[in-house]
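Architecture at a glance
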Amino acid sequence: MSNNDKQRDDSRPSVELSELTLLSQDSDIAGSPRTRDQTARVQTEAKSQGKLIRERFFRHKGALAGITLLVLIFILAFSSIGFAGIPGWWDKEYDVLADRFNEGRPTLTLWPFSLGEHPFGQDVLGRDYFALTMRGTQTSLIIAFIVGLVAMVIGTTVGAIAGYFRGWTEAFLMRITDVVITIPTLVIAAAVAGIVAKAGIIPFALFLGVVTWTGLARLVRGEFLSLREKEFVESAKSVGASSARIIFRHILPNTVGVIIVSTTLAISGAILLETALSYLGLGVTAPDTSLGKAINDNRSALTVRPWLFLWPGAFIIGIALAVNFIGDGLRDAFDPKQTRVKQ
Amino acid sequence: MSSSTVVISDEQTPVHSGPILEVSGLGVEFNVDNEWVMAAEDVSYRIRPGEILAIVGESGSGKSMSSLALLGLLPRNGRCTGSAKMQGNELIGAPQSTLRKIRGNDIAMIFQEPMTALNPVLTVGEQIREAIEQHTELSPADAKKRAIELLLMVEIPEAERRYDSYPHQFSGGQRQRAMIAIALANDPMLLIADEPTTALDVTVQAEVLDLLRTLNKRLNSAVLLITHDMGVVADLADHVVVMEKGRIVEAAPTAQLFSSPTQDYTKQLLGAVPHLGSKVGGVLTDVEVVDGRLELHEEYAEEARRAQAEHSASGVEPALELVDVDIEYPGRFRQPAFKAVSGVSITINPGEVMGLVGESGSGKSTIARAVTGLIRTSGGSISINGTDITTLSARKLKPLRKRFAIVFQDPAASLNPRLSIGDSIGEPLLLHEKLGREELDKRVAGLLDDVQLPIAFRNRYPHELSGGQRQRVGIARALSLRPDLLVADEPTSALDVSVQAAVLELLQDLQRERGFACLFVSHDLAVVELLASHIAVLNKGRLVEQGSTEQVLKYPRDPYTRRLLAAAPVPDPQEQSKRREQRSIILAAGTTE
């Protein structure tokens with residue numbers, strides 16, 4: 001066998017490889033041992049996963065725009081009217097009735113820029129609509145993110161355990177999931193939400209999370225079922241990796257795409273669910289408000305007082321879009337195959 | 001080229017003296033991100049009636065794409081230039097409607113994977129009939145008759161009954177025969193066979209190649225054979241075209257190409273192909289054909305048996321010892337449990353390489369997984385350095401895992417796509433030696449160096465590497481804890497020949513240097529011959545033969561081993577044609593024995 005001369009041949013990468021590989025190979029193999037060692041030192045400090053993910057995320061223009069928008073909305077909503085007793089810079093309260101000024105029309109003008117007395121106008125009762133919208137944004141953000149978080153944690157845990165361990169564990173967990181799916185959310189909500197909602201926004205959000213994790217659990221389980229049969233999982237088992245390590249280090253990172261996409265959907269879904277429940281009088285109750293409730297209260301005003309409809313609508317769209325862009329960016333950031341980043 | 005000729009006769013020879021297909025200056029390009037990337041360039045060749053032309057090349061050489069282009073079957077982002085004339089009619093740039101008439105009628109195609117090329121919800125017969133009805137006006141009854149004749153022609157037993165079978169009821173070889181029947185349905189003048197035997201076992205491959213050869217002689221249709229396997233080329237082809245990176249490197253008659261290749265690339269390619277019998281000096285030496293009958297030399301057997309007895313009584317504690325191992329896959333519902341391995345005993349001494357050979361379904365991968373504690377045995381014992389691992393709990397087994405490691409077949413699947421190369425290689429070290437960051441980095445760098453990869457690769461991800469590089473990573477990972485036993489499960493079967501040669505060389509060097517024992521699982525006898533000092537042959541879960549490499553290859557005692565050895569094609573046309581005769585006699589003897 002004349003394999004010997006073939007040896008060097010293979011050290012060159014195949015044609016499918018990118019230019020970068022060719023370059024680094026040349027510098028590494030061609031140089032003398034000493035210079036080779038030096039170049040190696042310079043360019044080969046092992047990078048941590050987290051750093052790579054951060055780098056990829058911040059190169060994603062959409063995600064960057066999304067996170068900027070979301071942070072701005074957060075700052076605006078919480079600093080303007082204050083939160084949990086801390087006063088904000090806006091001088092009006094969302095639950096104070098006042099005389100209507102110019103039929104409650106918005107006083108905001110862009111050129112020349114001025115906020116005026118009521119930049120977003122006033123509602124039929126004369127409440128300042130800017131303060132009301134900010135309060136609604138706070139509520140909706142809190143609810144949406146708690147629901148997303150709770151659904152993600154429960155759904156991923158249940159799905160991962162069921163998909164990885166199979167057997168009776170899977171049967172038991174998936175039957176519970178099926179039961180939760182078969183009970184219509186609105187019915188449970190009708191029975192329980194009224195009581196929970198009175199306790200405050202956070203218990204209400206936790207409750208919504210507890211009933212909406214099922215879709216995620218099924219998706220994650222499906223991913224686990226296919227990934228646990230992959231050879232790299234066997235390879236990890238063969239070196240003695242524990243179940244926890246296999247789940248968290250080997251399988252879970254490969255399901256990040258699915259988890260993030262469904263979580264962003266769950267967040268958008270939570271805003272809508274909260275709206276529906278509030279409409280039925282089971283969610284956020286007056287005088288408190290949320291974006292969904294604000295739209296519902298004023299849905300008949302679209303033709304006569306469109307601003308009552310448009311401002312909260314714009315904020316819902318803004319939040320949902322920002323969340324989706326961030327989700328997109330996170331998914332790509334966690335995927336090492338994503339070398340080209342969307343511009 | 002009348003499409004209504006459906007005369008069924010063995011002697012249907014088209015009256016054309018010129019070439020059936022004449023390709024000149026064919027180029028194929030793909031649009032990738034608005035850039036045209038060349039897949040094949042300036043490809044020219046011609047095929048005469050009744051001729052078998054082989055296009056050989058490694059993956060990415062453009063051999064498949066340049067052939068798909070003939071039929072207008074390129075993916076959407078592809079385009080082709082140049083000219084391809086089928087009996088004077090231009091194919092390149094012809095409208096789809098014209099090409100559709102030609103496809104399946106004048107030019108037929110056989111694909112690599114018969115399971116995916118056949119529709120699982122239609123019976124095989126219906127699919128052949130469909131191919132006939134597409135291009136002729138035969139009545140359904142006549143078409144069925146013709147379909148059964150085709151099944152008979154491709155040597156499917158009980159063709160009438162098998163007409164109503166579904167693809168899953170056929171074996172792999174039969175499915176490929178059915179595919180050939182579909183391809184031949186309309187007496188094509190040209191048959192394009194794209195890696196027709198790559199997915200098949202060697203013994204089945206030999207049968208399918210025989211079938212292609214006899215059909216080619218009987219029907220006088222030309223065959224364009226696309227393959228990476230030099231053995232298949234040596235066995236079947238009249239002319240060979242060697243392609244590299246989209247260009248034709250060399251074209252010559254088969255005998256000439258193998259005996260005196262002119263181009264460096266061809267020489268390299270031929271040099272990289274493992275040649276069965278090259279190390280031990282010939283195979284099947286104890287079998288001699290005298291007057292068309294099989295003659296065995298019993299004196300070799302005695303010697304072989306003595307050598308084997310000495311080996312097992314050497315007194316060293318074996319690195320791996322399997323005693324009467326049974327492995328069952330549990331049944332489900334009413335299915336009975338499937339016994340994948342039964343009563344297998346193998347002994348590997350420290351520092352020895354044992355080749356475990358068998359065809360698909362023989363249980364060789366199952367044994368590899370059982371040895372590394374990935375699946376449980378249902379009987380017998382597996383001892384590594386004297387410790388029986390079959391009775392250990394997962395917790396007790398864990399510290400032992402340092403002592404053995406496995407290299408998997410498909411390097412693309414066995415590396416976690418989300419872990420960097422450095423993390424993948426470092427994982428066993430992290431789990432067993434609890435090293436600090438700095439120490440770990442140093443060890444990983446050392447391992448990368450051992451498998452001849454640049455240290456910069458530690459920050460890469462598996463998808464950025466080529467197949468051979470990935471397998472080097474797999475080897476580095478397996479060797480990270482300096483195991484006493486390495487299990488290699490077909491480590492090179494997913495790789496191109498030249499890459500395979502390099503990876504085998506690496507494995508050999510590392511083995512020599514570190515002296516670990518190795519269980520090398522493979523379906524390829526030539527590869528095993530190169531590496532292993534001992535060979536065990538498995539057939540349907542049973543060990544049929546075990547002994548030193550020389551003994552098993554030269555003086556095989558078991559009829560199955562003989563069949564296996566006779567079926568493996570060697571990259572040498574003259575030798576291969578001799579082996580073909582030998583094989584037919586061994587087969588004949590096998591049936592009368």
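Residues numbered from 1 in each chain as written. Chains lettered and ligands numbered in written order. Predicted model: local features only at pLDDT ≥ 70, side-chain atom pairs only at ≥ 80, totals over all residues. Heavy atoms only, no water.

Counting its secondary structure elements, chain A contains 14 helices and zero strands. Helices and strands in chain A line up, N terminus first, as α-α-α-α-α-α-α-α-α-α-α-α-α-α. Within the structure as shown, chain A displays about 17,300 Å² of accessible surface, and the carbon and sulfur contribution to it stands at 66%. (Helix = DSSP H or I, 4+ residues; strand = E, 2+ residues; numbered from the N terminus. Areas by Shrake-Rupley, 256 points an atom, 1.4 Å probe, with all protein chains shown as cover.)

Next up on the list: the confidence of the model for chain B. Residue and element names in this part refer to chain B. In this model, chain B carries an average pLDDT of 84, and 91% of its residues clear a pLDDT of 70 or more. Per-residue pLDDT stays below 50 along residues 1-15; that stretch engages in 22 contacts with residues further than four places along the chain or on separate chains. What the predictor reports for the complex is a pTM of 0.78 with an ipTM of 0.75. (pLDDT = per-residue confidence, 0-100. Contact = heavy atoms within 4.5 Å.)

On to the packing of helix H18 (residues 467-479) of chain B against helix H19 (residues 497-514) of chain B. Residues and elements named next belong to chain B. Direction vectors running N to C along H18 and H19 enclose 20°, while the axes themselves pass 10 Å from each other. The angle between H18 and H19 falls in the class roughly parallel. The handedness of the crossing between H18 and H19 comes out as right-handed. For the pair formed by H18 and H19, the contact residues are Gly468, Gln471, Arg472, Ile475 and Leu479 on the first element and Val499, Ala502, Val503, Leu506, Leu507, Leu510 and Arg514 on the second. Grouping the amino acids of the contact of H18 with H19 by side-chain chemistry returns eight nonpolar, two polar and two charged. (Axes fitted to C-alpha atoms, helices over the stretch in contact; angles between N-to-C directions. Parallel < 35°, antiparallel > 145°, perpendicular 65-115°, else oblique. Left-handed = near helix turned anticlockwise from the far one by under 90°. Nonpolar A, V, L, I, M, F, W, Y, C, P; charged D, E, K, R; others polar.)

What follows is about the nonpolar core. Residues and elements named next belong to chain B. Ranked by internal contacts, the top residues of the largest apolar core, which has 59 residues, are Leu276, Ile425, Ile475, Leu486, Phe520 and Leu553. If sequence neighbours within four positions are ignored, leucine 486 has contacts with Ala405, Val407, Ala478, Leu479, Leu507, Phe516, Ala517, Cys518 and Leu519. In this structure, Ile148, Leu151, Ile182 and Tyr265 belong to the second largest nonpolar core, which totals 58 residues. (Core = buried A, V, L, I, M, F, W, Y, C linked by side-chain atoms within 4.5 Å. Buried < 20%, exposed > 50% of the residue type's maximum accessible area, 1.4 Å probe, protein only.)

Residue and element names in this part refer to chain B. Not every positive phi belongs to a glycine, and aspartate 42 is a case in point at roughly 50°. Residue aspartate 42 is classed as exposed on the basis of its relative accessible area, which comes to 56%. Look at glutamate 155: it is not a glycine, yet its phi comes out positive at around 65°. Turning to its location among the elements, glutamate 155 is positioned in the loop between helix H5 (140-153) and helix H6 (159-162).

Residues and elements named next belong to chain B. For valine 497, the position within the fold is in helix H19. In this structure valine 497 comes out as buried when scored by relative accessible area, which is 15%. Residues valine 497 and methionine 230 lie 267 residues apart in sequence; the distance between their C-alpha atoms is 9.5 Å. Apart from the residues within four sequence positions on either side, valine 497 is in contact with Glu58, Leu269, Ala272 and Val273.

All names here are of chain B. Within the open sheet, the four strands sit side by side as S2-S1-S4-S5. Their pairing is antiparallel. The open sheet terminates on both sides in strands that have one partner only, identified here as strand S2 (35-47) and strand S5 (89-90). By the bridge criterion, two bridges tie strand S4 (residues 78-86) to S5 in an arrangement that is antiparallel. Note on S5: the bridge partner recorded for lysine 85 is glutamate 90. Taken strand by strand, helix H1 (residues 63-70) contacts strand S1 (21-32), S2 and S4, and its axis lies near 110° from that of S1. (Pairing = 2+ DSSP bridges.)

Now for the sheet that holds strand S6 (residues 107-110) of chain B. Residues and elements named next belong to chain B. Spatially, six strands are ordered S6-S7-S8-S3-S9-S10 in an open sheet, and the strand pairing comes out mixed. Each having just a single partner strand, S6 and strand S10 (247-253) make up the two edges of the open sheet. Each strand axis lies, on average, 15° off the axis of its neighbour in the sheet, ignoring direction. Sheet topology places strand S9 (residues 239-244) next to S10; six bridges connect them, and they run antiparallel. Counterpart to glutamate 244 in the pairing with S10 is arginine 247. Against the sheet, H1 makes contact with strand S3 (52-56), S6, strand S7 (190-194), strand S8 (222-227) and S9, and its axis sits at roughly 145° relative to S8, the strand it touches most.

A separate point is the pairing of S6 of chain B. Side-chain positions along a regular strand alternate between the two faces of the sheet. Residue and element names in this part refer to chain B. With burial as the criterion, each face of S6 is covered, one bearing Ile107 and Met109 and the other bearing Ala108 and Ile110. As defined by bridge partners, S6 adjoins S7 across four bridges and the pair is classed as parallel. Bridge assignment links isoleucine 110 to a residue of S7, and that residue is alanine 193.

Here we take up the pattern of salt bridges. Considering all chains together, one arrives at 35 salt bridges over all chains under this definition. Salt-bridge contacts for aspartate 178 of chain A lead to arginine 175 of chain A; the nearest nitrogen and oxygen are separated by 3.2 Å. Remark: arginine 175 of chain A and aspartate 178 of chain A occur in helix H7 (residues 167-182); sequence separation between them is three residues, near one turn of the helix. Across the pair arginine 580 of chain B and aspartate 235 of chain B runs a salt bridge, and its minimum N-O distance is 2.9 Å. Of this pair, arginine 580 of chain B sits in helix H23 (residues 573-592) while aspartate 235 of chain B sits in helix H9 (residues 230-236); the two residues are 345 residues apart in sequence, bridging distant segments of the chain. One connected set of salt bridges, linked through shared partners, spans Asp210, Arg213, Asp235, Arg580 and Arg583 of chain B. (Salt bridge = Lys/Arg side-chain N within 4 Å of Asp/Glu carboxyl O.)

Turning our attention to the pairing of S9 of chain B. All names here are of chain B. Pairing of S3 with S9, which is carried by four bridges, proceeds in the parallel orientation. Considered in S9, the bridge of valine 56 is made with valine 242. With antiparallel pairing between neighbouring strands as the criterion, S9 and S10 make up a hairpin whose turn holds two residues, including lysine 245 at a positive phi of roughly 50°.

A few words on H18 of chain B. For an α-helix, 3.6 residues make a turn, and residues three or four places apart therefore share a direction. Residues and elements named next belong to chain B. The first and last C-alpha atoms of H18 sit 18 Å apart over 13 residues, in line with the 18 Å expected at 1.5 Å per residue. Burial runs high along H18: twelve of the 13 residues are buried. All buried positions along H18 are accounted for by Gly468, Gln469, Arg470, Gln471, Arg472, Val473, Gly474, Ile475, Ala476, Arg477, Ala478 and Leu479. (Expected span 1.5 Å × (residues − 1).)

As a further point, take the packing of helix H10 (residues 214-227) of chain A against helix H12 (residues 243-279) of chain A. Residue and element names in this part refer to chain A. The N-to-C vectors of H10 and H12 enclose an angle of 140°; their axes lie 10 Å apart at closest approach. Judged on the interaxial angle alone, H12 and H10 are oblique. Handedness of the H10/H12 crossing: right-handed. Of the residues in H12, those touching H10 at Leu216, Leu219, Val220, Glu223, Phe224 and Leu227 are Ile247, Ile251, Leu252, Asn254, Thr255, Val258, Ile259, Ser262 and Thr263. Of the residues assigned to the contact of H10 with H12, the class counts are ten nonpolar, four polar and one charged.

All names here are of chain A. If you trace the backbone, leucine 69 turns up in helix H5 (residues 61-80). Once the C-alpha coordinates of leucine 69 and tryptophan 90 are considered, the two residues, 21 residues apart in sequence, prove to be 20 Å apart. In contact with leucine 69, other than residues within four places in its own chain, are Gly318 and Ala322.

Residue and element names in this part refer to chain A. Across its 16 residues, H7 extends 23 Å between first and last C-alpha, which sits within 8% of the 22 Å expected from 1.5 Å per residue. Considered for burial, the residues of H7 that qualify are Thr169, Glu170, Leu173, Met174, Thr177 and Val180. Here the buried residues of H7 occupy an arc of 110° about the axis, which is enough to place them on one side. Within H7, the exposed residues directed more than 90 degrees away from the buried face are Trp168, Phe172 and Thr182. Contact partners of the buried residues in H7: helix H6 (129-165), helix H9 (201-211) and H10. (Arc of directions from axis to C-beta.)

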